[in-house]
Amino acid sequence: MDKLKIFILFFSISSCFLVQAEDQESTIEYNIGIIPPDRVFTKTYDIKEEVYSAVSMCECVEVDLIKEKGFSKVEIEFNPAEYKGLTIVEVKLLCKGNKVITLRLRAYVQAKQPAGQKNPYNQIPLKK
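Residues numbered from 1 in each chain as written. Predicted model: local features only at pLDDT ≥ 70, side-chain atom pairs only at ≥ 80, totals over all residues. Heavy atoms only, no water.

Chemist: Residue-level account of a negative patch on the surface, with values.
Modeler: Among the surface-exposed residues, Glu62, Asp64, Glu75 and Glu77 lie close enough to one another that they form a single negatively charged patch. Elements supplying a minimum of two residues to the negative patch: β4 (61-67) and β5 (72-78). When you line up the elements, glutamate 62 lands in strand β4. For glutamate 62, a relative accessible area of 51% translates into the label exposed. (Patch = residues over 30% accessible without salt bridge, like charges linked within 9 Å, V, L, I, M, F, W, Y side chains within 5 Å. Areas by Shrake-Rupley, 256 points an atom, 1.4 Å probe, with all protein chains shown as cover. Salt bridge = Lys/Arg side-chain N within 4 Å of Asp/Glu carboxyl O. Lys, Arg positive; Asp, Glu negative; His and termini not counted. Charge placed at Lys NZ, Arg CZ, Asp CG, Glu CD. Helix = DSSP H or I, 4+ residues; strand = E, 2+ residues; numbered from the N terminus. Buried < 20%, exposed > 50% of the residue type's maximum accessible area, 1.4 Å probe, protein only.)

Okay, structure coming up:
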């Protein structure tokens, strides 16, 4: 009987930590759209939290952090040269109170065109 009480106590304490851990992480997703593989994508995102640190989860993303009082700006440079098709890259932001925000960027990187070949999507005539 004592083992059952210990198990219930352990289970209830661990579930409390799990609930708190879920509250400490959130995800913000941005859809970049269709981008060419030879152009670096640059954008600044406003985050409504005080961000202390930013880490890219891939070598293709450069991150700069501009700290302001009460909010932060995160400058992202994404170099899609090594990708094609649907691409998802992430940046982890550490905020006040050890909160972690995942900044997730989705992009569709166009395939590289061989020299001399035109992009067929640019040749579709528009209806008048």
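Chemist: Explain the pattern of salt bridges to me, using residue names and the numbers behind them.
Modeler: Counted according to the given criterion, the structure contains 5 salt bridges. With its nearest N and O atoms 3.2 Å apart, the salt bridge here joins lysine 99 to glutamate 49. Note that lysine 99 is positioned in the loop between β6 (85-95) and β7 (100-109) and glutamate 49 in the loop between β2 (41-47) and β3 (51-56), a separation of 50 residues in sequence. Exposure remark for lysine 99: the relative accessible area of 22% places this residue in the partly exposed category. Its relative accessible area of 24% is what places glutamate 49 among the partly exposed residues. Connected through salt bridges with shared partners, the residues Glu29, Glu90, Arg104 and Arg106 form a single ionic network.

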